[in-house]
Amino acid sequence: MTKTVLIELGLEEIPAYIVTPAMNQLRDKVAHFLTENRLAFETIEAFSTPRRLAVRIRGLADQQTDLTEDFKGPAKKIALDADGNFTKAAEGFVRGKGLTTADIRFEEMKGEEYVYVTKNEAGQPAETVLAGIPEVLKSLTFPVSMAWGSNTFKYIRPVHTLTVLVDDVALDMDFLDIPSGRISRGHRFLGKETEIATADSYEADLREQCVIADPAERQDMIVSQIKAIEAAQGVVVDIDEELLSEVLNLVEYPTAFMGSFDAKYLDVPEEVLVTSMKNHQRYFVVRDKSGKLLPNFISVRNGNDQHLENVIKGNEKVLVARLEDGEFFWKEDQKLAIADLVAKLANVTFHEKIGSLSEHMARTKTIAHYLAAMAELSDEERSDLDRAASIYKFDLLTGMVGEFDELQGIMGEKYALLAGETAGVAAAIREHYLPNSAEGELPETKVGAVLALSDKLDTLLSFFSVGLIPSGSNDPYALRRATAGIVRILDKFGWNIPLDKLVAELYALNFDSLTYANQADVMSFIAARIEKMMDSSIPKDIREAVLSSSTFVVKDLLAASSAIFQAAKTDGYKSAVESLARVFNLAEKAEAGVTLSADLFENEAEKALAAAVEDLSLSEDMAANLAKLFALSPVINAFFDNTMVMADDMAVRNNRLALLKTLADKAGQVAVFNKLNTK
């Protein structure tokens, strides 16, 4: 007979961004614990609110499966002494398995006998195994943790209750000095402590105390309530998924409501209003049917609809204070001159080891000039780039960005347009921050893309130069994100910019403010980000072979890895790669400076390969290049079948190696083929 088990951990309020990951972690670790302990189950359901993490295991076996294991021990000649008695080696072996020498048998393997024992372990009752649940709870990890009371063990938040039920029976255990039972806490204001009758009644028992334990149910409630407001008010609510996930984990019993603010604040840029509502107050934005912002907001209360009018007034009062700030800064910032703000950036530290923001901008501007030619910008675009690179951080000193730092770049664009800057300059100021997240949007304009690349390149090189290099998961200056942004931008615009050559040129520059260092580390770091951008299903050998190629153009590296991955699924892949790998292996032995001479060719196969290599012309189409290289396989094989590369005549040998080196150099634009695994 199977059982249903409930495990709930009651805590102080958990930060919203941790709730769902912690719930999933608990589910996964419980599943692993049960599997490791041979306790079969059907499904695990996960529950969470800001004040609890829980799982319910359905179809749990009433006991472990029996375990039968065979163990091989020492050879018979070691296990027995001259008199045929068991040695200490044999006794120690069986003792370690919880057995005796009476359990020993001898079995032959490869002509020699060895000690073998079989251990039979009867399955324990489920309740006995579940006694290990506190250790599972203790193993949960969190980005932040704390200690409380007399506890030295740190956890996400103080623990208040532990409930472990097997059907309707409460198990006796404790976690961090909290004894288990069947008590759970209801809503902080609307509920009270309650007993969970059975594992199956969990949601119903908590619902009576105004707690919706199932996050999916809470989310459905929030969405349906917002949709009802939409229908009743004739408005459109922007149900942002990220905000919805956060709000979901702030409430145990959701009630959505609509509030309003004075329409005069609509004169403030929409981005300021949306930031105030969404980022600071966790409100959903309200628009009319045409998409125009309305002086309303949707919030979600952690409670019922009683006295909702007071809740609405309170939320409106808090929001107005934020909007007043926004309106004030919007008006005051327009009195500032961009030139004055730029001059003050000389007194703003970029990093104490690197220098000021002005110095960072100066280096960025120099890099931008290099990239402008590579990106083939027009004269107008170059003019916009030069101006944008001269002023692009000015908005950091505005009141608005000081109050709402999420608006850096966004306000820079708006203030630049008000000051008479061109649309290209203004857009670049905003776009240079992009992407601002792993999957964030990328610049749309060439000028913005080049400025973003330049800013991120100097950031990367500067921090590496002073030894501030990310290690492990530690990346306080978000250099991985910046480098990923470089790679993604280059990929989007398809620019034929070899990053290795670009970085080498940047390291050759001389700045009064900083000397770039640690070039090799920078290139390894960039390569790692490019590798991460490759399709996750592409095997490591393909990624390494491509990243070792002589091409370090992002779009080409990504295209080559994809082309080889697809080719690996075809019948001729193995033989073609092995032919090219043989070329690469021998090409490594070629002497430098040897000029290929047709006069030293001795057979037709040699001449045919030389002609094929001479005719081989590769393009930017990596799939086509790979097809051309694979098509050479019969010619390469014929060459090796009919030619002794390492001839006794050194001139002939070096000539043949030079021929293979020429082919390897061309093929190396796609990948280093002797790094590919064909086994």
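Residues numbered from 1 in each chain as written. Predicted model: local features only at pLDDT ≥ 70, side-chain atom pairs only at ≥ 80, totals over all residues. Heavy atoms only, no water.

An unreviewed UniProt entry annotates the protein chain as Glycine--tRNA ligase beta subunit of Streptococcus ovuberis. Comment text from UniProt for the protein chain, heading Subcellular location (unreviewed entry), reads "Cytoplasm". For the protein chain, the Subunit (unreviewed entry) comment in UniProt is given as "Tetramer of two alpha and two beta subunits." (UniProt positions renumbered as here; feature names shortened; annotations may be inferred.)

When helices and strands are counted, the protein chain shows 27 helices and 18 strands. Taking the principal axes of its C-alpha atoms as reference, the protein chain extends roughly 100 × 100 × 45 Å. A burial count over the protein chain gives 50% of its 679 residues as buried. Within the protein chain, counting contacts between residues at least 6 apart in sequence, those at least 24 apart form 68% of the total. About 31,800 Å² of surface is accessible on the protein chain, with carbon and sulfur atoms providing 49% of the total. (Helix = DSSP H or I, 4+ residues; strand = E, 2+ residues; numbered from the N terminus. Buried < 20%, exposed > 50% of the residue type's maximum accessible area, 1.4 Å probe, protein only. Contact = heavy atoms within 4.5 Å. Areas by Shrake-Rupley, 256 points an atom, 1.4 Å probe, with all protein chains shown as cover.)

Bringing the side chain of Arg51 into the picture now. Mapped onto the elements of the fold, Arg51 is located in the loop between strand S2 (43-49) and strand S3 (52-60). One polar contact links the side chain of Arg51 to the main-chain carbonyl oxygen of Gly186, over a distance of 2.8 Å. Beyond its immediate sequence surroundings of up to four residues, Arg51 is in contact with Leu9, Gly10, Leu11, Glu12, Glu13, Arg185, Gly186, His187, Arg188 and Glu252. (Polar contact = N/O pair within 3.5 Å; in protein donor to acceptor, adjacent residues only side chain to side chain.)

This part is about the sheet that holds strand S5 (residues 105-109). Spatially, 3 strands are ordered S4-S6-S5 in an open sheet, and the strand pairing comes out antiparallel. Each edge of the open sheet carries a strand with a single partner, namely strand S4 (67-75) and S5. Sheet twist, expressed as the average angle between the axes of neighbouring strands with direction ignored, equals 40°. Helix-sheet contacts for helix H3 (residues 88-96) involve S4 and strand S6 (112-121), and the interaxial angle to S4 is about 165°. (Pairing = 2+ DSSP bridges. Axes fitted to C-alpha atoms, helices over the stretch in contact; angles between N-to-C directions.)

Spatially, S13-S15-S16-S14 is the arrangement adopted by the 4 strands of the open sheet, whose pairing is antiparallel. Looking at the sheet topology across the chains shown, the edges are occupied by strand S13 (236-238) and strand S14 (254-260). Here the strands of the sheet are splayed against their neighbours by 30° on average, with no regard to which way each runs. Sheet analysis places S13 next to strand S15 (residues 284-287), joined by 3 bridges and oriented antiparallel. The residue of S15 that forms the bridge with Val237 is Val286.

Our next topic: the packing of helix H23 (residues 573-587) against helix H26 (residues 633-642). For the pair H23 and H26, the least separation of the axes is 9 Å and the interaxial angle reads 50°. Classified by the angle their axes make, H23 and H26 are oblique. Read as a crossing pair, H23 and H26 show a hand that is left-handed. Every residue of H26 that contacts H23 at Ser575, Ala576, Ser579, Leu580, Arg582, Val583 and Leu586 is listed here: Ser633, Ile636, Asn637 and Phe640. Looking at the contact of H23 with H26, its residues break down into 6 nonpolar, 4 polar and 1 charged. (Parallel < 35°, antiparallel > 145°, perpendicular 65-115°, else oblique. Left-handed = near helix turned anticlockwise from the far one by under 90°. Nonpolar A, V, L, I, M, F, W, Y, C, P; charged D, E, K, R; others polar.)

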